[in-house]
Amino acid sequence: MTLGICVVGAGFWASQMHVPAFDRIPGARVVRIVAATQDSARALAERHSVPAWGTDLAEALSDPDVDVVDVVAPPDVHRDAVVAAAAAGKHAICIKPLGRTVAEGEEMLAAVAAAGTRLFYAENVPFIPAVQEAKRLVDAGHIGRVFRVKANEGIGHPHSAWFLDPARSGGGAILDMAVHSLEFCRYFAESPVTSVYADGGTFLWADETDAEDTAVLTVRFENGVLGQCEDSWSLVGAMDSRFEVFGTGGRILIDNLHRQPIQVISTAGSAAAPAGWSYPMPIAGMVADGHLDMLTHFVECITTGAVSRSEGQVGLDVLQVVSAATTSMTSGKREDV
Ligand SMILES: NC(=O)c1ccc[n+]([C@@H]2O[C@H](COP(=O)([O-])OP(=O)(O)OC[C@H]3O[C@@H](n4cnc5c(N)ncnc54)[C@H](O)[C@@H]3O)[C@@H](O)[C@H]2O)c1
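Residues numbered from 1 in each chain as written. Predicted model: local features only at pLDDT ≥ 70, side-chain atom pairs only at ≥ 80, totals over all residues. Heavy atoms only, no water.

Here's the deal with the overall build of the protein
Alright, step 1. Tallying secondary structure elements over the protein gives eleven helices and 15 strands in all.
Alright, step 2. Its C-alpha atoms give the protein a radius of gyration of 20 Å, within 12% of the compact-globule value 20 Å for 337 residues.
Alright, step 3. Taken along the three principal axes of its C-alpha coordinates, the protein extends 55 × 50 × 45 Å.
Alright, step 4. Of all 337 residues assigned to the protein, the portion counted as buried reaches 52%.
Alright, step 5. Considering only contacts within the protein whose residues lie at least 6 apart along the sequence, 70% involve residues at least 24 apart.
Alright, step 6. On the protein, roughly 14600 Å² of surface is accessible, and the fraction owed to carbon and sulfur atoms is 53%.
Alright, step 7. Between the averaged position of the 24 positive side-chain charges in the protein and that of its 41 negative side-chain charges there is a distance of 5 Å. (Helix = DSSP H or I, 4+ residues; strand = E, 2+ residues; numbered from the N terminus. Rg over C-alpha atoms; globule rule 2.2 N^0.38 Å. Buried < 20%, exposed > 50% of the residue type's maximum accessible area, 1.4 Å probe, protein only. Contact = heavy atoms within 4.5 Å. Areas by Shrake-Rupley, 256 points an atom, 1.4 Å probe, with all protein chains shown as cover. Lys, Arg positive; Asp, Glu negative; His and termini not counted. Charge placed at Lys NZ, Arg CZ, Asp CG, Glu CD.)

Structure follows, in structure tokens:
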């Protein structure tokens, strides 16, 4: 069985990560692209031999070849696209953040429950190969009992204007970046978040947005684990992506941008890499950042009926923490989740 995928969005993430990843997943085929403009939808469709494209989601949802809608558009599109997909009997994958607010996330889950369809939360961090290896080590007892987790996700400036408009994006660095850090911390703490304290500000881009460009969160988990997230749009020069897990018998540091894991020699070369030594081997971002493994996992879950570790509820749980953190930014107090 091959699942027909309709990708909603033709921007950075759809074109660089999700559509190329689906090209490599045997059980799935992108059959439609829906974007804000006809030209962008067509350009992405033509690059990947996708047979249909357009700007009309309703038309795409009436296509019997579409089994799954993969929403990779800005957050103001997420709720309506997932609700419409559910109403049409299609499963949905929704990129982070699940919605702009907790209420939107709840509407999405309710629509899916009512329709009997499925919703997957496309948060790649737990699927990053290095993160998966770290989890295997932790589960094997390699660093003892985990008591602290830390994540650092930052960029210099968002790449599209809509990120800076909270009406479209839903928020600032907490909603856009800390969702990744929070999910890393949740993955290793393995316990619900009970409270969060957030501090931050708009240090670099106040002339462009009211949203915070920098935030530091401390998070308490029910089992006592302490989490710390540093997230921003204010890293001058280059992005950063680092994660740490502290245990009673050791610790793990993942520097997600330090990628020189393999060397390859080829006499002929291929489309994937030139002849000779490749050091480092050019590993596509969609592989190194876990998007291929994540989407492969979702396709398997739909095909087999297995429960995913990233069902829509995970996205809603993260939105609850984001909401409390955003409140904490103005109340100046630790907020319960
Ligand atoms: N690590 C990650 O998982 C990661 C990283 C970056 C962005 N994202 C998320 O991916 C989503 C898209 O971000 P991006 O970086 O691709 O943005 P982008 O600005 O590069 O592209 C946005 C795309 O959405 C399309 N779009 C806008 N309104 C639409 C509508 N009503 N219907 C259909 N398509 C519409 C536009 O045509 C455009 O192709 C956001 O939710 C963002 O938070 C995730």
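Let's pick the thread back up.
Quick notes on the packing of helix α1 (residues 12-23) against helix α10 (residues 291-304)
Alright, step 1. At a minimum axis distance of 9 Å, the contact between α1 and α10 shows a crossing angle of 55°. Considered as vectors, α1 and α10 are oriented oblique to each other. Remark: the crossing between α1 and α10 carries right-handed chirality. Facing Trp13, Met17, His18, Ala21 and Phe22 of α1, the residues of α10 in contact are His291, Leu292, Met294, Leu295 and Val299. (Axes fitted to C-alpha atoms, helices over the stretch in contact; angles between N-to-C directions. Parallel < 35°, antiparallel > 145°, perpendicular 65-115°, else oblique. Left-handed = near helix turned anticlockwise from the far one by under 90°.)

Focus: the pairing of strand β8 (residues 193-201)
Side-chain direction in a regular strand flips from residue to residue, so the side chains alternate between the two faces of the sheet.
Alright, step 1. Here eight bridges tie β8 to strand β9 (residues 214-221), and the two strands are oriented antiparallel to one another. Paired with Ser195 across the strands is Arg220, a residue of β9.
Alright, step 2. Sheet topology places β8 next to strand β15 (residues 335-336); two bridges connect them, and they run antiparallel. The partner of Ser195 across the bridge, within β15, is Asp336. (Pairing = 2+ DSSP bridges.)

Re the nonpolar core
Alright, step 1. Counting 65 residues, the largest nonpolar core has Leu98, Leu119, Phe184, Phe188, Leu217 and Val245 as its most contacted members.
Alright, step 2. When residues of this core are assigned to their parent elements, the largest contribution, ten residues, is made by helix α8 (residues 173-189).
Alright, step 3. Once you skip the residues sitting within four places of it in the chain, Phe188 turns out to touch Val131, Ala134, Lys135, Val138, Val146, Val149 and Val245. (Core = buried A, V, L, I, M, F, W, Y, C linked by side-chain atoms within 4.5 Å.)

Quick notes on the sheet that holds β8
Hydrogen bonding along the main chain pairs the strands of a sheet, whether they run parallel or antiparallel.
Alright, step 1. Spatial ordering of the open sheet is given by β12-β11-β7-β10-β9-β8-β15, a layout of seven strands whose pairing is mixed. The open sheet is flanked by β12 (250-255) and β15, the only strands paired with a single partner.
Alright, step 2. In the packing of helix α6 (residues 129-139) onto the sheet, contacts are made with β7 (146-154), β11 (240-247) and β12, and the angle to β12 comes to roughly 175°.
Alright, step 3. Across the sheet, α8 touches β7, β8, β9, β10 (226-232), β11 and β12, and the angle it forms with β7 is around 155°.

Here's the deal with the environment of Ala87
Alright, step 1. Assignment of secondary structure puts Ala87 in helix α4 (residues 75-87).
Alright, step 2. Separated by 123 residues in the primary sequence, Ala87 and Asp210 place their C-alpha atoms 35 Å from one another.

A look at the site of the ligand
Alright, step 1. In the vicinity of the ligand there are 26 residues, among which Gly11, Phe12, His159, Ser160 and Trp162 approach most closely.
Alright, step 2. In this structure, an oxygen atom belonging to the ligand sits 2.8 Å away from a main-chain N or O atom of Gly11.
Alright, step 3. The contact in question runs from an oxygen atom of the ligand to an N or O atom on the side chain of Trp162, over 2.8 Å.
Alright, step 4. Burial of the ligand by the surrounding chains reaches 84%, relative to a free accessible area of 850 Å².
Alright, step 5. Among the elements of the structure, α1, α4 and α8 are those that each provide at least two residues to the shell around the ligand.
Alright, step 6. Considering every element that reaches the shell around the ligand, the biggest residue donor is α4, with three residues.
Alright, step 7. Here the shell around the ligand is composed, by residue class, of 15 nonpolar, eight polar and three charged. (Near = heavy atom within 4 Å. Polar contact = N/O pair within 3.5 Å; in protein donor to acceptor, adjacent residues only side chain to side chain. Nonpolar A, V, L, I, M, F, W, Y, C, P; charged D, E, K, R; others polar.)

Structural notes on a nonpolar patch on the surface
Alright, step 1. Together, Phe203, Leu204 and Val236 make up an exposed nonpolar region whose accessible area comes to about 340 Å².
Alright, step 2. Classification of Phe203 as exposed rests on a relative accessible area of 60%. (Patch = residues over 30% accessible without salt bridge, like charges linked within 9 Å, V, L, I, M, F, W, Y side chains within 5 Å. Salt bridge = Lys/Arg side-chain N within 4 Å of Asp/Glu carboxyl O.)

Quick look at the side chain of Arg32
Alright, step 1. Looking at the element boundaries, Arg32 is found in strand β2 (residues 28-34).
Alright, step 2. A relative accessible area of 13% places Arg32 in the buried class.
Alright, step 3. Within polar-contact distance, the side chain of Arg32 engages the side chain of Asp63 at 2.8 Å.

Quick look at the packing of α6 against α8
Alright, step 1. Contact geometry of α6 with α8 gives a least axis separation of 10 Å together with a crossing angle of 25°. Classified by the angle their axes make, α6 and α8 are roughly parallel. Remark: the crossing between α6 and α8 carries right-handed chirality. Contacts between α6 and α8 involve Val131, Ala134, Lys135 and Val138 on the former and, on the latter, Phe184, Tyr187 and Phe188.

Describing α4
Alright, step 1. Between the first and last C-alpha of α4 there are 19 Å, a value that for 13 residues agrees with the 18 Å anticipated at 1.5 Å per step.
Alright, step 2. Those residues of α4 lying buried are Pro75, His78, Ala81, Val82, Ala85 and Ala86. Axial view of α4: buried residues confined to an arc of 130°, hence all on one face.
Alright, step 3. Tucked inside the fold, the buried residues of α4 contact α3 (57-61), β4 (68-71), β5 (91-95), α5 (102-115), β6 (119-122) and α7 (166-169).
Alright, step 4. Directly beyond the C-terminal end of α4, a positive phi value near 80° is found at Gly89. (Expected span 1.5 Å × (residues − 1). Arc of directions from axis to C-beta.)

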